[in-house]
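An overview of the molecular structure
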Amino acid sequence: MKIKELIQEWKPLKRYFVLVSFILSFSTLALVVWVVLLPRNMHLFKWNPSQAKLFIIICLVAVIIPLGFISDFIIRLKKLKIPKKIPGKYIYILVLAGIILPSAYLVYLKPYHHVGDKAPELMIIDQPGASGYPNLAVIFYTQKASTNYLLFGPTPIMTNKITEQGKTRTHVFVLADLIPNTQYFYQINGVGQVYNFTYFPASIENLRFAISSDPHIGAEDNNITATKLILEQLSSSDNGYNAFFCLGDIVEMGNDDSLYKEQIELFSKYTTLIPYRNIIGNHDGWFGGVEFWKEYFYPQNVPNNSSDSQLWHQYDFGSNIHIFTLDLEWGTETYTRAQREWFENRLKSLNPDDWIIVMNHAYYYSSSTEYDAVSYTHLRAHETSLHLVCRLLL
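Everything numeric here is computed off the predicted structure, so don't read it as measured data.

In terms of regular secondary structure, the protein is built from eleven helices and 13 strands. Relative to its 394 residues, the protein shows a buried fraction of 47%. Long-range contacts, defined as pairs at least 24 residues apart, comprise 69% of the intrachain contacts of the protein with a sequence gap of at least 6. Per element, the accessible surface of the protein, about 20,200 Å² overall, is 58% carbon and sulfur.

Printed below as a string of structure tokens:
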């Protein structure tokens, strides 16, 4: 029996059903390939066995459905005695499962699905100002493309105005060449809240950074009260912090944009008052969450002086304090050749007597072995005399 004759033997409804199920099955296989090719996802499965089991079920269903119809073809072509109803009700059940499970999985993941506008934040950017300190940018996101403007200045009158050139969803207003130890005021579109902050001190000896990590907004065991208390303390002028660095895992599931919305709304009250820089963590980036992260914290239209990446940067504070933020989410799997070459070249250009501070999400040393950790003693015993940044990167 020829394949053409076999297909003609099937009723039109069955033909369409088979065609649709094949398309959906191969779409599911495309989803599998997408997930497998992203190292952030594979490390999630290693850390979270329940997610891994769910994904394996999806993979099996995606493979079984086309195999069922292929088997039907083979049996018929060999002219074996088989029920005329093949593919029968069990195959149809598998097809329905193949439609429902992957669809439900995608709904659960919600990759690349934006949820509402995102509040403004005052971000440190990779662009040096005239004073030797980094420039700043007011960044926010709107679900609908629009044109906005920003008023700012050293007095509440705010005589300076920056206007966007066209409609966009990611809004970036660069505050360049600010004067150290000066209070500035700013307002979006001339309405609503007037924000204020004090630019970095006149002397680098008076610099004071606040550093925190892992707020995990959206996690069941997240302590929102503690998170708010930390933000209140670091943004209060009474405590004298000049900048705030958050070392990642700001949300529990980076693929869920509603968590980014919740997190930014929570932080914005404080991160509009103090220069802020966020670093990506493993929870922030998986299942496409990295695209949300880049869009909200380092959009493509933000100036980038030292790097061609949105995920790793160098920030200079004066002539002898250099802060590197790296993309190390789980460990070295996101430490690409390009990032390593960039980092090593930047280090070679610096005076070894300068302050060189490296910030990222993954830990360097640990006394724990909960997640493939290597003991502190082991790492110390194998350290080299190369530039002391961290053993993980050498």
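On we go from here.
Take the pairing of strand β7 (residues 195-198) next. For a regular strand, the rule is simple: side chains alternate between the two faces of the sheet. Side-chain alternation along β7 places Tyr195 and Phe197 on a buried face and Asn196 and Thr198 on a face that remains uncovered. Note: strand β6 (residues 183-188) against β7, four bridges, orientation antiparallel. Looking at the pairing, tyrosine 186 lines up with tyrosine 195 of β7. Hairpin geometry of β6 and β7 is characterised by an intervening segment of six residues between the two adjacent antiparallel strands and by a positive phi of about 60° at asparagine 189.

Another aspect to go through is helix α9 (residues 289-297). Burial within α9 is extensive, with seven of its nine residues counted as buried. Among all positions in α9, only Gly289, Val290, Phe292, Trp293, Lys294, Tyr296 and Phe297 are buried.

It is worth spelling out the side chain of threonine 272 at this point. When you line up the elements, threonine 272 lands in the loop between α7 (257-271) and β10 (276-278). What makes threonine 272 buried here is its relative accessible area of 0%. Polar contacts involving the side chain of threonine 272 include one to the main-chain carbonyl oxygen of serine 268, which spans 2.7 Å. Excluding residues that lie within four positions of it along the chain, threonine 272 makes contacts with Pro120, Glu121, Leu122, Tyr186, Tyr195 and Asn196.

Let us now look at the side chain of aspartate 284. Secondary-structure assignment places aspartate 284 in helix α8 (residues 282-285). From its side chain, aspartate 284 meets the backbone nitrogen of aspartate 249 in a polar contact 2.8 Å long. A distance of 2.8 Å separates a polar atom in the side chain of aspartate 284 from the backbone nitrogen of glycine 281. The residues touching aspartate 284, leaving out its near neighbours within four places in the chain, are Gly248, Asp249, Ile250, Val251, Gly254, Tyr260, Ile279, Gly289, Val290 and Trp293.

Okay, the pattern of salt bridges next. Inspection of every chain in the model, using the stated rule, returns four salt bridges. For lysine 118, the salt bridge goes to aspartate 257, with nearest N and O atoms at 2.9 Å. Here the residue lysine 118 occupies a position in strand β1 (residues 118-128), and aspartate 257 occupies one in helix α7, the gap between them amounting to 139 residues. Classification of lysine 118 as buried rests on a relative accessible area of 4%. The shortest N-O distance in the salt bridge between lysine 294 and glutamate 291 comes to 3.5 Å. In this pair, lysine 294 and glutamate 291 are both assigned in helix α9, three residues apart and thus about one turn of the helix distant. Lysine 294 gets classed as buried once you look at its relative accessible area, which sits at 18%. Residue classification places glutamate 291 among the partly exposed residues on the basis of a relative accessible area of 37%.

Before going further, it helps to examine the nonpolar core. One finds Phe197, Phe200, Phe244, Phe297 and Phe317 to be the most contacted residues of the largest nonpolar core, which totals 81 residues. When residues no more than four places from it in sequence are discounted, the contact partners of phenylalanine 200 are Ile124, Tyr133, Pro134, Leu136, Pro180, Asn181, Leu207, Asn242, Ala243, Pro275 and Phe317.

All right, on to the pairing of strand β12 (residues 321-325) then. Most of β12 sits inside the fold, with five of its five residues counted as buried. Here strand β11 (residues 313-316) pairs with β12 via four bridges, running antiparallel. If you follow histidine 313 over to β12, its bridge partner there is threonine 325. Here β12 runs beside strand β13 (residues 355-359); their pairing, made up of five bridges, is parallel. If you follow isoleucine 321 over to β13, its bridge partner there is tryptophan 355.

Another point: the environment of isoleucine 188. Structurally, isoleucine 188 is set in strand β6. Overall, isoleucine 188 belongs to the buried group, its relative accessible area being 14%. In contact with isoleucine 188, not counting residues within four places along its chain, are Pro120, Val138, Phe140, Tyr149 and Leu150.

So, on to the packing of helix α6 (residues 224-235) against α7. One can describe the packing of α6 onto α7 by two numbers: an axis separation of 9 Å at closest approach and a directional angle of 20°. On the basis of the axis angle, α6 is roughly parallel to α7. When the axes of α6 and α7 are compared, the crossing they make is right-handed. For the pair α6 and α7, contact is made by Ile224, Thr227, Lys228, Leu231, Glu232 and Ser235 and by Leu266, Phe267 and Tyr270, respectively.

What follows is about the sheet that holds β12. Reading across the sheet, the three strands line up as β11-β12-β13 and stay open at both edges, with mixed pairing between neighbours. Of all the strands in the sheet, just β11 and β13 have a single pairing partner and so form its edges. Ignoring strand direction, the axes of neighbouring strands in this sheet form an average angle of 20°. Sheet strands touched by helix α10 (residues 337-348): β11, β12 and β13. Its angle to β12, the strand with the most contacts, is close to 175°.

So, how was this worked out
Residues numbered from 1 in each chain as written. Predicted model: local features only at pLDDT ≥ 70, side-chain atom pairs only at ≥ 80, totals over all residues. Heavy atoms only, no water. Helix = DSSP H or I, 4+ residues; strand = E, 2+ residues; numbered from the N terminus. Buried < 20%, exposed > 50% of the residue type's maximum accessible area, 1.4 Å probe, protein only. Contact = heavy atoms within 4.5 Å. Areas by Shrake-Rupley, 256 points an atom, 1.4 Å probe, with all protein chains shown as cover. Pairing = 2+ DSSP bridges. Polar contact = N/O pair within 3.5 Å; in protein donor to acceptor, adjacent residues only side chain to side chain. Salt bridge = Lys/Arg side-chain N within 4 Å of Asp/Glu carboxyl O. Core = buried A, V, L, I, M, F, W, Y, C linked by side-chain atoms within 4.5 Å. Axes fitted to C-alpha atoms, helices over the stretch in contact; angles between N-to-C directions. Parallel < 35°, antiparallel > 145°, perpendicular 65-115°, else oblique. Left-handed = near helix turned anticlockwise from the far one by under 90°.

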